[in-house]
Amino acid sequence: MAILILDDGETRRRFRLNDGTITLGSAQDCALRLTAPGVAAQHLEIISERGNVRIKVASGVMPVKVAGRSVSDEAPLRPGTTVSIGEAKLSIQAEDGEQPKPLGSAGARSAGARSRAAEGRAAGARAPATSTTGGARAKGSVQRSRPRAQIKRGLPTWAILAIFAVAIFVAYKLVGSTVESTQGGGFDARTTLVRVTDLIKQGEYGAAEIELDRVPATATLSDSMRSSYADLRRRVQEGYAAGEERVHNQAGTEYLETQLKKFERQRLQGQPAPEKVRVFLKRCRHFRETWPTHHDLGWVRRHEGRFKRLVDLSIPPTFVDIAFEVKTMTWAKPRDYGLAFALINEFLNTSGSDERAQALELMDSLTAEREEYFLDRMLQAKYEWENGRKGPAVAWLVSLITRIGEREMEDQAAREMVMLPGIDGWLRGYKTDQVDKYRALMKNEIVAAKAREFGIE
């Protein structure tokens, strides 16, 4: 039998693994709940069978790292191997992994003492019984036995008084606790208060809220107790808000690394072209507006100030600016044709005749490119699903629904997605772990209707 070790950032827990399946994630209904950033509502299952342990990663969630290797499906879990789930970690060890204490330790000395005591008892049993101490007495001498100590019956007066004082104190506390309890007898305000406080300390805000909601409306509480309960509710809400902010800023970290830092390294070295600087400055502005509490906001402000003197965003863009920005939106996967077409349409409203003709030509070529891309990604999603890679399949359909920028194509991808078995779990996962994408999905009426049907929206 193995021991499961969970490290949630602030807490470290150990569990004995029996045969069976355990769900692990950030949702309340998971057998093991983790509150560290990057953990999905139901992230994975731990399956133990006759001493063999493996993990099974849920579809549509971020892959986990097993000994540094990315895993998005199943993998064996051997003793000593570390699994990283967001910022949380788990591992297992054999139950008999604890090494015996070396000789000379406290444990060994204790065992030696017990052994010597046992030898002494055995020797005493073998020795002949004697009636005297210090050898046999002279024949005919008179033996005087020591008088036996008299055992006093009853308790001393001081002990009786102490017990009486304790009894009075307990009775006082019991009478006082009735002020904090309902007359029905099923609710104890102090016990609940302690339990909720412990749950909040562990980051179990959902469980804490459930406990608070169970407090009877008819409960008679003192002013101090009522104030304590109000403070606990405030702490639960603050915990929820902090968790949502962590998830939100985690998306900001990904944007910062891929859209800003990587772009700055690859495109803005030396004497960068104005159209490249313009794209970078627009992304910096987007970052500041979207993630105003991100811990790396200082990097964005410094680099924004460095390049701001080269390009003035208040001046309307040229066609060269637009063409490059459209290229950045469609040169990688998943492509964002929705933003690209919106950018060209906005430019058409203000451009002159020469640049307008160029913009229309760009739109025509982009339209043909989008149709080809859409068909290719729909086939890719189908291929991934049929080969058991459900996470990538759903991700491709989500990207088409939210980024293709053409209503008929969006609806076609949406109809395919809502027919997938278990799509309710995927939608719940997006709502919990990828809030921005979930909100974009809900703009499609087909997906929104399915979410309402599942009671998710």
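What counts, and where the lines are drawn
- Residues numbered from 1 in each chain as written.
- Predicted model: local features only at pLDDT ≥ 70, side-chain atom pairs only at ≥ 80, totals over all residues.
- Heavy atoms only, no water.
- Buried < 20%, exposed > 50% of the residue type's maximum accessible area, 1.4 Å probe, protein only.
- Helix = DSSP H or I, 4+ residues; strand = E, 2+ residues; numbered from the N terminus.
- Pairing = 2+ DSSP bridges.
- Phe/Tyr/Trp six-rings, centres within 6.5 Å; stacked < 30°, edge-to-face > 60°.
- Lys NZ or Arg CZ within 6 Å of the ring centre and 35° of its normal.
- Axes fitted to C-alpha atoms, helices over the stretch in contact; angles between N-to-C directions.
- Contact = heavy atoms within 4.5 Å.

A. The pairing of strand 1 (residues 2-7), seen in detail. Burial analysis of strand 1 places 5 of its 6 residues in the buried class, which makes it a mostly covered element. In this structure, strand 1 lies alongside strand 11 (residues 88-94), joined through 6 bridges in antiparallel fashion. Each residue of the ladder has a partner; that of Asp-7, found in strand 11, is Lys-89.

B. Expanded view of the packing of aromatic side chains. Tallying each qualifying case throughout the model produces 9 aromatic pairs. An aromatic cluster is present here, built from Tyr-255, Phe-287 and Trp-291 joined pairwise through their rings. Lying across the ring of Trp-299, Lys-261 places its NZ or CZ 5.5 Å from the centre. Here the basic side chain of Arg-377 rests over the ring of Trp-396, its NZ or CZ set 4.5 Å away from the ring centre.

C. Highlighting the sheet that holds strand 8 (residues 69-71). The strand order across the open sheet built from 6 strands is 2-1-11-10-7-8, with neighbouring strands paired in antiparallel fashion. Either end of the sheet is taken by a strand with one partner, and the two such strands are strand 2 (12-17) and strand 8. Each strand of the sheet is rotated relative to its neighbour by a mean of 25°, with strand direction disregarded. Relative to strand 2, strand 1 is paired through 6 bridges, and the arrangement is antiparallel. Across the sheet, the residue bridging to Ile-5 is Arg-14, located in strand 2.

D. Molecular detail of the environment of Leu-400. Along the polypeptide, Leu-400 turns up in helix 11 (residues 390-403). Given a relative accessible area of 1%, Leu-400 falls into the buried group. Between the C-alpha atoms of Leu-400 and Ala-414, which are 14 residues apart in sequence, the distance is 8.5 Å. Excluding anything up to four places from it in sequence, Leu-400 contacts Tyr-373, Phe-374, Arg-377, Met-378, Glu-410 and Ala-413.

E. Inspection of the sheet that holds strand 9 (residues 74-76) at higher detail. Taken together, the 5 strands give an open sheet; going across it, the order is 4-3-5-6-9, and neighbouring strands pair in mixed fashion. Strand pairing shows two members of the sheet lacking a second neighbour, strand 4 (32-33) and strand 9, which therefore form its edges. As paired elements, strand 5 (residues 44-49) and strand 6 (residues 52-57) share 6 bridges and run antiparallel to each other. Within strand 6, the residue paired with Ser-48 across the bridge is Val-53.

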